[in-house]
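What follows is the residue order along each chain.
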Amino acid sequence: MSASIVLNAWHDHLAQGRRRSPHTVRAYVATAERLIEATGLTDWAALARIDATALRQQLARRRADGLGNASTARELSALKGFIAFARGQAGMADPTPPRMRGPRIKKGLPRPVTPDEAVNLAAGVEENAAIEWIGARDRAVLLLLYGAGLRIAEALSLTGAALPLGDVLTVTGKGGKQRAVPILPLVSAAVADYAAKCPGPIERDKPLFRGARGGPLSQGMVQKAMAQARKALGLPPSATPHALRHSFATHLLSAGADLRSLQELLGHASLGSTQIYTKVDAAVLLDVYRNAHPRALEG
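If you're wondering where the values come from, they're calculated on a predicted model, not measured in any experiment.

Novice: How should I be thinking about the pattern of salt bridges in this particular structure?
Specialist: When their charged atoms lie close together, side chains carrying opposite charge are able to pair. Applying the stated criterion across every chain, the model contains eleven salt bridges. Arg-62 is the salt-bridge partner of Asp-65, the closest N and O atoms lying 3.5 Å from each other. By relative accessible area, which is 58% here, Asp-65 ends up exposed. With a relative accessible area of 14%, Arg-62 lands in the buried category. Lys-197 is the partner of Glu-132 in a salt bridge, and the nearest nitrogen-oxygen pair spans 3.3 Å.

Novice: I would appreciate a short explanation of the side chain of Arg-87 in the present structure.
Specialist: You can see Arg-87 is positioned in helix α5 (residues 69-89). This buried residue, Arg-87, is left without a salt bridge; Asp-94 holds the nearest opposite charge, at 6.5 Å. Every residue in contact with Arg-87, bar those within four places of it in the chain, is listed here: Ala-48, Ile-50, Met-92, Asp-94, Pro-95, Thr-96, Pro-97 and Pro-98.

Novice: What exactly am I supposed to notice about the pairing of strand β2 (residues 178-182) here?
Specialist: Each regular strand carries side chains that alternate between the two faces of the sheet. Only one face of β2 is buried, namely the one carrying Arg-179 and Val-181, since none of Gln-178, Ala-180 and Pro-182 on the opposite face is buried. Taking the residues that link successive antiparallel strands as the turn, the strand β1 (residues 168-172)-β2 hairpin has five residues, and the phi of Gly-175 there is positive, at about 70°.

Novice: What should I look at first to understand the packing of aromatic side chains in this one?
Specialist: Both the distance between ring centres and the angle between the ring planes are used here to describe each pair of aromatic rings. Applying the stated criterion to the full structure yields four aromatic pairs. A centroid spacing of 5.5 Å and a plane angle of 40° characterise the contact between Trp-10 and Phe-85, whose relative ring orientation is tilted. Here the residue Trp-10 occupies a position in helix α1 (residues 3-17), and Phe-85 occupies one in helix α5, the gap between them amounting to 75 residues. The structure contains a cluster of three or more aromatic residues connected by ring pairs, namely Trp-10, Trp-44, Phe-82 and Phe-85.

Novice: Help me out: how do you make sense of the nonpolar core in this one?
Specialist: Within soluble globular proteins, side chains that are nonpolar generally end up buried alongside one another. Counting residues in each nonpolar core, the largest one holds 46 residues, and the members touching the most others are Leu-144, Leu-150, Tyr-194, Phe-209 and Leu-244. Listed by contribution, the elements that provide at least two residues to this core are α6 (115-128), α7 (132-148), α8 (152-156), β1, α9 (185-197) and α10 (219-233). With eleven residues, α7 is the largest single contributor of residues to this core. For Phe-209, the contacting residues outside a window of four places in its chain are Arg-137, Ala-140, Val-141, Leu-144, Ala-155, Leu-156, Leu-158, Tyr-194, Pro-216 and Leu-217. With 25 residues, the next largest nonpolar core counts Ala-32, Leu-47, Ile-50 and Leu-59 among its residues.

Novice: I'm lost on unusual backbone geometry in this one. Help?
Specialist: Most peptide bonds adopt trans geometry, and most residues besides glycine take a negative phi value. Cis geometry is adopted by the peptide bond preceding Pro-164, which originates at Leu-163 and carries an omega value of -10°. Position of Pro-164 among the secondary structure elements: in the loop between α8 and β1.

Novice: Sorry if this is basic, but what is going on with the environment of Arg-151 here?
Specialist: Mapped onto the fold, Arg-151 is located in the loop between α7 and α8. Engagement of the side chain of Arg-151 in a polar contact is seen with the side chain of Glu-154, the distance being 2.5 Å.

Novice: Help me understand the environment of Leu-145 in this model?
Specialist: Here Leu-145 lies in helix α7. On a C-alpha basis, the gap between Leu-145 and Pro-241 in space is 7.2 Å, while along the polypeptide they are 96 residues apart. Once residues within four sequence positions are removed from consideration, Leu-145 is found in contact with Leu-150, Arg-151, Ile-152, Ala-155, Pro-241, Leu-244, Arg-245 and Phe-248.

Novice: So what exactly am I meant to see when it comes to the packing of helix α4 (residues 52-64) against α5 here?
Specialist: Where α4 contacts α5, the two axes come as close as 11 Å, and the packing angle between them is 145°. For α4 against α5, the interelement crossing comes out right-handed. Residues Leu-55, Gln-58, Leu-59, Arg-62 and Arg-63 of α4 form the contact with α5, whose own contacting residues are Asn-69, Thr-72, Glu-75, Leu-76, Leu-79 and Ile-83. Here the contact of α4 with α5 is composed, by residue class, of five nonpolar, three polar and three charged.

Novice: Explain α4 here, please?
Specialist: Residues that lie three or four places apart on an α-helix share one face, since the helix turns once every 3.6 residues. Taking 1.5 Å as the rise per residue, α4 with 13 residues should run 18 Å; its terminal C-alpha atoms sit 18 Å apart, in good agreement. Among all positions in α4, only Ala-52, Ala-54, Leu-55, Gln-58, Leu-59 and Arg-62 are buried. Buried residues of α4 fall within an arc of 160° about the axis and therefore sit on the same side. Next to the buried residues of α4 lie α2 (22-39) and α5. After α4 finishes, the residue Gly-66 shows a positive phi value of roughly 100°.

Novice: Sorry, what's going on with a nonpolar patch on the surface here?
Specialist: The grouping of Val-119, Leu-184 and Leu-186 at the surface amounts to a nonpolar patch, some 250 Å² of accessible area in total. Positionally, Val-119 belongs in helix α6. Here Val-119 falls in the partly exposed class, since its relative accessible area comes to 43%.

Novice: Would you mind showing me how to read the confidence of the model for the protein chain here?
Specialist: Caution is warranted with low-pLDDT regions, since their predicted coordinates should not be read in detail. Across the protein chain, pLDDT averages 80, with 80% of residues at or above 70. Mean pLDDT values over the elements of the protein chain span from 51, in helix α13 (residues 271-292), up to 93, in helix α3 (residues 44-48). Every residue in residues 292-299 scores below 50 in pLDDT, and together they form four contacts with partners more than four places removed in sequence or on other chains.

Calculation criteria
- Residues numbered from 1 in each chain as written.
- Predicted model: local features only at pLDDT ≥ 70, side-chain atom pairs only at ≥ 80, totals over all residues.
- Heavy atoms only, no water.
- Salt bridge = Lys/Arg side-chain N within 4 Å of Asp/Glu carboxyl O.
- Buried < 20%, exposed > 50% of the residue type's maximum accessible area, 1.4 Å probe, protein only.
- Helix = DSSP H or I, 4+ residues; strand = E, 2+ residues; numbered from the N terminus.
- Lys, Arg positive; Asp, Glu negative; His and termini not counted.
- Contact = heavy atoms within 4.5 Å.
- Pairing = 2+ DSSP bridges.
- Phe/Tyr/Trp six-rings, centres within 6.5 Å; stacked < 30°, edge-to-face > 60°.
- Core = buried A, V, L, I, M, F, W, Y, C linked by side-chain atoms within 4.5 Å.
- Polar contact = N/O pair within 3.5 Å; in protein donor to acceptor, adjacent residues only side chain to side chain.
- Axes fitted to C-alpha atoms, helices over the stretch in contact; angles between N-to-C directions.
- Left-handed = near helix turned anticlockwise from the far one by under 90°.
- Nonpolar A, V, L, I, M, F, W, Y, C, P; charged D, E, K, R; others polar.
- Expected span 1.5 Å × (residues − 1).
- Arc of directions from axis to C-beta.
- Patch = residues over 30% accessible without salt bridge, like charges linked within 9 Å, V, L, I, M, F, W, Y side chains within 5 Å.
- Areas by Shrake-Rupley, 256 points an atom, 1.4 Å probe, with all protein chains shown as cover.
- pLDDT = per-residue confidence, 0-100.

Encoded structure:
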C-alpha cells in the first residue's frame, strides 16, 4: 500500500468523518506524512504498531526543527489521532494510541501566552469542537481577544452590524465608551469563516456570536472551550480568555508601542490601568534573559 492511499484515507476521515476545518486537516495530514517519511511505514498493520518510543523520536526530530512547546503538544495530539485511526483500520480491538504526556510547561508566576501559543489555542478550540461552525465560532472569538485586545464581553456584545469586518472595528467598552481598534487580516478572515459556516442568517441587530441553540453565546462556553484547548496544549490554568487580552498588550509593548496608544487600544479610562503592563513586560524580558543569556546564571 502506498503512502498516498494512507494519507488520503486519513484526510477523508478528518474532513468527512470528523468534519474538521480545512486548516486542521492540512496540519494533521502533514503531521502524518512526516511520520511516514521518517519511519518508512505505509501499511495499516505496521503503523498500528508504532509505540511511544517511536513517537518520542518523531517529536525530538520536530523539536530539532525549532518547534515550541505549544506546537509540539499539538503535533503530539495529531500523532495520537493518526495512530488511533491506523489501529482502527488495522482491525485492532483496542485502537487507543500510546499513552504519552505532552511537553512540560515551566511553572511559576502567571505569564502572557506567547504568539505561538495564542494561535495554537485558537486552532485548538476549533479542532476540539464536535460541530464545524462552533469550532469556527470559538476560534474567531479567541482571535478577537488576542488579535484586537478585546475584553470577552466586548467580543460577545458585537452584533451582525459589524460584518463584514474592515481594517478598523468600533467597540463599545466599559461605561459605554467607544474606541476604534485595528483588525488584522487573520482575525477578519476567522470571523468571515465563522459567518459563512454559521447556520441561518446573522441579523444586524442580533448577537454576532450565537450559542448552539441560537441564543447569545455565553462567556462560560468560551472559557470551557479554551480550558479544553489549553489542557491539550499543556498550558497552565492562567491561560484564560482574558489572558489573551493581556498578551495582546504585553506583546505590543514589547514591540515598541507607547503607553498612550496602548491605553486607547485597550479602552482604559486611566493611564494607570495601562502601566501595569510595563511591569508584566519587564518580567517577561527578565525571564527571556535568564533562559537565553549565556552568562545569566553566573555568579
